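Structural description and commentary
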Amino acid sequence: MSLNSKHLATFIIGAAAGVALHKYLQTEDGEKLLEDLKTKAGELKGEAEEALDKAPEYFEELKTKGAETLKTNFPDADKFLRDLLNNISGKKDGPTPA
């Protein structure tokens, strides 16, 4: 792999951007920006952990309400799904599971 002028220019621009960012972060505004980013990252981490803690109960509620809605709006859905699964697996009019 040869080093051509495009690669060299990309490297120089990246290095210059890195130096400029480093210089900016050393200023008062840069330090404030870093603190704001750290604060926001902490908030997002807290929200993500909270959502992760609530996920099991949310999905349990979703499962329960979904089953109730199916039974209310589609009373034959249970039989239909059992028949469908039996047809897919190749069973013919076998006993339906309880």
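In terms of regular secondary structure, the protein chain is built from three helices and zero strands. Reading the protein chain from its N terminus to its C terminus gives the helix and strand order α-α-α. Put simply, the protein chain has 98 residues, and 4% of those count as buried. For the protein chain, the accessible area works out to roughly 9000 Å², and carbon and sulfur atoms hold 63% of it.

Turning to the packing of aromatic side chains, a few remarks are in order. Under the criterion given, the structure shown has one aromatic pair. Here the aromatic rings of Tyr58 and Phe59 are separated by 5.2 Å at their centres, their planes lie at 75°, and the arrangement is edge-to-face. Here Tyr58 falls in the partly exposed class, since its relative accessible area comes to 47%.

The next subject is a nonpolar patch on the surface. A contiguous nonpolar surface patch, about 440 Å² in accessible area, is contributed by Leu21, Tyr24, Leu33, Leu34 and Leu37. When contributions to the nonpolar patch are tallied by element, the ones reaching two or more residues are helix H1 (5–25) and helix H2 (28–73). Ranked by residues supplied to the nonpolar patch, first place goes to H2 with three residues. Mapped onto the fold, Leu21 is located in helix H1. What makes Leu21 partly exposed here is its relative accessible area of 49%.

As enumerated under the stated definition, the model contains five salt bridges in all. Here Glu60 ties to Lys63 by a salt bridge, and the two come within 3.6 Å at their closest N and O atoms. Within this pair, Glu60 and its partner Lys63 are both found in helix H2, separated by three residues, close to a single helical turn. Residue class for Glu60 comes out partly exposed when judged on its relative accessible area of 41%. Assessed through its relative accessible area of 54%, Lys63 is described here as exposed.

This part takes up the confidence of the model for the protein chain. On average, residues of the protein chain carry a pLDDT of 87, and 90% of them reach 70 or more. Ranking the helices and strands of the protein chain by mean pLDDT puts H1 first, with 93, and helix H3 (residues 77–89) last, with 86.

The rules behind these values
Residues numbered from 1 in each chain as written. Predicted model: local features only at pLDDT ≥ 70, side-chain atom pairs only at ≥ 80, totals over all residues. Heavy atoms only, no water. Helix = DSSP H or I, 4+ residues; strand = E, 2+ residues; numbered from the N terminus. Buried < 20%, exposed > 50% of the residue type's maximum accessible area, 1.4 Å probe, protein only. Areas by Shrake-Rupley, 256 points an atom, 1.4 Å probe, with all protein chains shown as cover. Phe/Tyr/Trp six-rings, centres within 6.5 Å; stacked < 30°, edge-to-face > 60°. Patch = residues over 30% accessible without salt bridge, like charges linked within 9 Å, V, L, I, M, F, W, Y side chains within 5 Å. Salt bridge = Lys/Arg side-chain N within 4 Å of Asp/Glu carboxyl O. pLDDT = per-residue confidence, 0-100.

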